[in-house]
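Now for the letters of each chain:
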Amino acid sequence: MNFSRQITDWYRQNKRELPWRQTNNPYFIWLSEIILQQTRVAQGMDYYLKFIDHYPTVSDLANADEQDILNDWQGLGYYSRARNLHAAAKFIQSEYNGVFPSDYNSILNLKGVGTYTASAIASFAFNLPHAVVDGNVYRVLSRIFDISLPIDSNEGQKTFNQIADELLSKENPSLHNQAIMEFGALQCTPSTPNCSDCTFHLECLALKNGTLSERPIKKGKTKIRNRYFHYLIFNNGNETILQKRINKDIWQHLYEFPLLEVDQEYKIEEIKKLILEKFQINPIRYAIQKKHILSHQHIYCTYWEFDAFPKKKDESWIIIKDYTFSNYPIPRAIDRYLEEKNNSKQQQLQL
Ligand code: SF4
């Protein structure tokens, strides 16, 4: 088998034309890589185009207001990515005079950049010989070489990195890396790999050994934390209240309605009592939404509506008029509530 030749030949014939592949500008490649973490290409595309339009250079991103960046990021989730982009851009601006670093270690040193992203930027932008190992690469290698080591174990990661390094084309690491990732995304997909028409059909050991559906192996499942959010929507005429999430937690620096978080699922009557105790005001109706699934957390949201402001207000509250949310980056959970309300798709229960 000539791995690199086979996979790059496949790539030339089958690759998708994506805007971040038409450039070797490291800043654009970095943006695309961060946007595409945990995000599908189809969804990430608009965000990528918006970011290179609104912030065409590292300096533009560094000098931008965080709230504008978070607003532009809205809907993508995992907002720490946007905050890290901003922090790293400021770092590049102050340390490297706005010039994106061109060596692997300096790229790896940027906030929010791990070994995978550093290898991707170093190879795609500077053609440096660093092999990428992401979910697609784990899947492809574990199948072709029928590797039973768990990809989330130290030994597994070491082995996969070693194999990826050995296979990497030293002449054209950029093309090789893009090819193996695209092959994982289009050909050797998680549940429906196209084995009958595959360049590795004769060599693929998992196909030969009948272990394909078990590759790659993952050791432990992530523990999921359930959280119960009760949003309090105080409406006073055309005014309502928002607050900023300032703690180190999900959705940091985004805006939301005042929140009452409880540690377990309580009955509606119990929550109503809690609200009355804390805010001395009774809600008039409520709506329950489907859970929000994040990578390590499931968030159960209930939205309580009031027809007045509570007497005692928190200093951190901001009063907004006419539901003008567009100036404030908000989490998807609030966005969904507003969407459903506007489209009358919400099942509201009167109290
Ligand atoms: S033969 Fe199937 S499992 Fe093996 S590399 Fe090709 S698509 Fe993947």
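Computed from a prediction, not measured in an experiment: that's the story for all the values here. (Residues numbered from 1 in each chain as written. Predicted model: local features only at pLDDT ≥ 70, side-chain atom pairs only at ≥ 80, totals over all residues. Heavy atoms only, no water.)

Enquirer: Looking at this structure, I do not really get the nonpolar core. What am I missing?
Expert: Among soluble globular proteins, nonpolar side chains are generally buried collectively. Formed by 86 residues in total, the largest nonpolar core has its most connected members in Tyr27, Trp30, Leu61, Trp73, Phe100, Trp251 and Phe257. Ranked by residue count, the leading element in this core is helix H2 (residues 26-36), at eight residues. Contacts of Trp30, omitting those with residues within four sequence positions, involve Leu61, Leu85, Ala88, Ala89, Phe100, Val113 and Ile121. Among the nonpolar cores identified, the runner-up in size contains 15 residues, and Leu260, Tyr286, Phe306 and Trp317 belong to it. (Core = buried A, V, L, I, M, F, W, Y, C linked by side-chain atoms within 4.5 Å. Buried < 20%, exposed > 50% of the residue type's maximum accessible area, 1.4 Å probe, protein only. Helix = DSSP H or I, 4+ residues; strand = E, 2+ residues; numbered from the N terminus. Contact = heavy atoms within 4.5 Å.)

Enquirer: What's the story with empty space enclosed by the protein in this structure? I'm lost.
Expert: The probe, sized like a water molecule, is rolled over the atoms to show the empty space still left. Under the criterion given, the structure shown has two cavities of 30 Å³ or more. Surrounding the largest cavity, 13 residues form its lining, Phe183, Cys188, Cys195, Cys198 and Cys204 being those nearest its centre. Classifying every residue of the lining of the largest cavity by side-chain character gives ten nonpolar, two polar and one charged. There is about 50 Å³ of room inside the second largest cavity. Around the second largest cavity, the lining residues are Phe3, Ala131, Val132, Val137, Leu141, Ala164, Leu167, His176, Asn177 and Ile180. Mapped by element, the contributors of at least two residues to the lining of the second largest cavity are helix H9 (135-144), helix H10 (154-167) and helix H11 (173-186). (1 Å grid on protein atoms, 1.4 Å probe; cavity = no way out; pocket = protein on both sides within 12 Å on 5 of 7 lines; lining within 4 Å. Points joined across faces, edges and corners; volume = space filled by probe spheres on them. Nonpolar A, V, L, I, M, F, W, Y, C, P; charged D, E, K, R; others polar.)

Enquirer: Could you clarify how one ought to interpret the layout of surface pockets in this entry?
Expert: Its volume calculated, the largest pocket comes out at about 1200 Å³. In terms of lining, the largest pocket is formed by 37 residues, of which the most central are Leu36, Tyr116, Asp134, Asn136 and Met181. Residue assignment for the lining of the largest pocket shows that the elements contributing at least two residues are H2, helix H8 (115-126), H9 and H11. Here the lining of the largest pocket takes six residues from H11, the largest share from any one element. Its residues placed into classes, the lining of the largest pocket shows 14 nonpolar, 13 polar and ten charged. There is about 860 Å³ of room inside the second largest pocket.

Enquirer: Honestly, the site of the ligand in this entry has me stumped. Any pointers?
Expert: The environment of the ligand is formed by Arg143, Ile144, Phe183, Cys188, Pro193, Cys195, Cys198, Cys204, Leu207 and Leu212. Placement of the ligand is best described as lying within the largest cavity. Of the residues in the shell around the ligand, the class split is nine nonpolar, no polar and one charged. (Near = heavy atom within 4 Å. Sits in = over half its atoms within 2 Å of the grid points.)

Enquirer: When you look at the packing of H2 against helix H3 (residues 41-54) in this model, what are you seeing that I'm missing?
Expert: Describing two packed helices takes the angle between their axes plus the distance from one axis to the other. At a minimum axis distance of 9 Å, the contact between H2 and H3 shows a crossing angle of 140°. One way to sum up the angle between H2 and H3 is to call them oblique. Once H2 is placed against H3, the crossing between them reads as right-handed. In this structure, H2 contributes Phe28, Leu31, Ser32, Ile35 and Leu36 to the contact, and H3 contributes Val41, Gly44, Tyr47, Tyr48, Phe51 and Ile52. Across the contact of H2 with H3, the residue classes tally to nine nonpolar, two polar and no charged. (Axes fitted to C-alpha atoms, helices over the stretch in contact; angles between N-to-C directions. Parallel < 35°, antiparallel > 145°, perpendicular 65-115°, else oblique. Left-handed = near helix turned anticlockwise from the far one by under 90°.)

Enquirer: Would you mind going over unusual backbone geometry with me for this structure?
Expert: In terms of backbone geometry, most residues other than glycine have negative phi values and most peptide bonds are trans. Arg215 connects to Pro216 through a cis peptide bond whose omega is 0°. Among the secondary structure elements, Pro216 is positioned in the loop between helix H12 (205-209) and strand S1 (225-236). Even without being glycine, Asn97 reaches a positive phi, approximately 60°. Along the chain, Asn97 turns up in the loop between helix H6 (80-95) and helix H7 (104-108). The class of Asn97 is exposed, set by a relative accessible area of 68%. Positive phi outside glycine occurs at His253, with the angle close to 75°. Position of His253 relative to the elements: it lies in the loop between strand S2 (239-244) and strand S3 (255-256).

Enquirer: I'm lost on the packing of aromatic side chains in this one. Help?
Expert: Think of a pair of aromatic rings as described by two things: how far the centres are apart, and how the planes are tilted against each other in angle. For the coordinates displayed, the defined rule picks out 25 aromatic pairs. When the centroid spacing of 5.8 Å and the interplanar angle of 55° are considered together, the rings of Phe234 and Phe279 count as tilted. Of the two residues, Phe234 is situated in strand S1 and Phe279 in helix H13 (residues 268-279); the sequence distance between them amounts to 45 residues. Residues Phe234 and Phe279 agree in their burial class; the two are buried. A centroid spacing of 5.2 Å and a plane angle of 80° characterise the contact between Tyr323 and Phe325, whose relative ring orientation is edge-to-face. On the accessibility criterion, Tyr323 (28% relative accessible area) is partly exposed. When its relative accessible area of 9% is taken as the criterion, Phe325 is described as buried. (Phe/Tyr/Trp six-rings, centres within 6.5 Å; stacked < 30°, edge-to-face > 60°.)

This is a description of form; function is not addressed.
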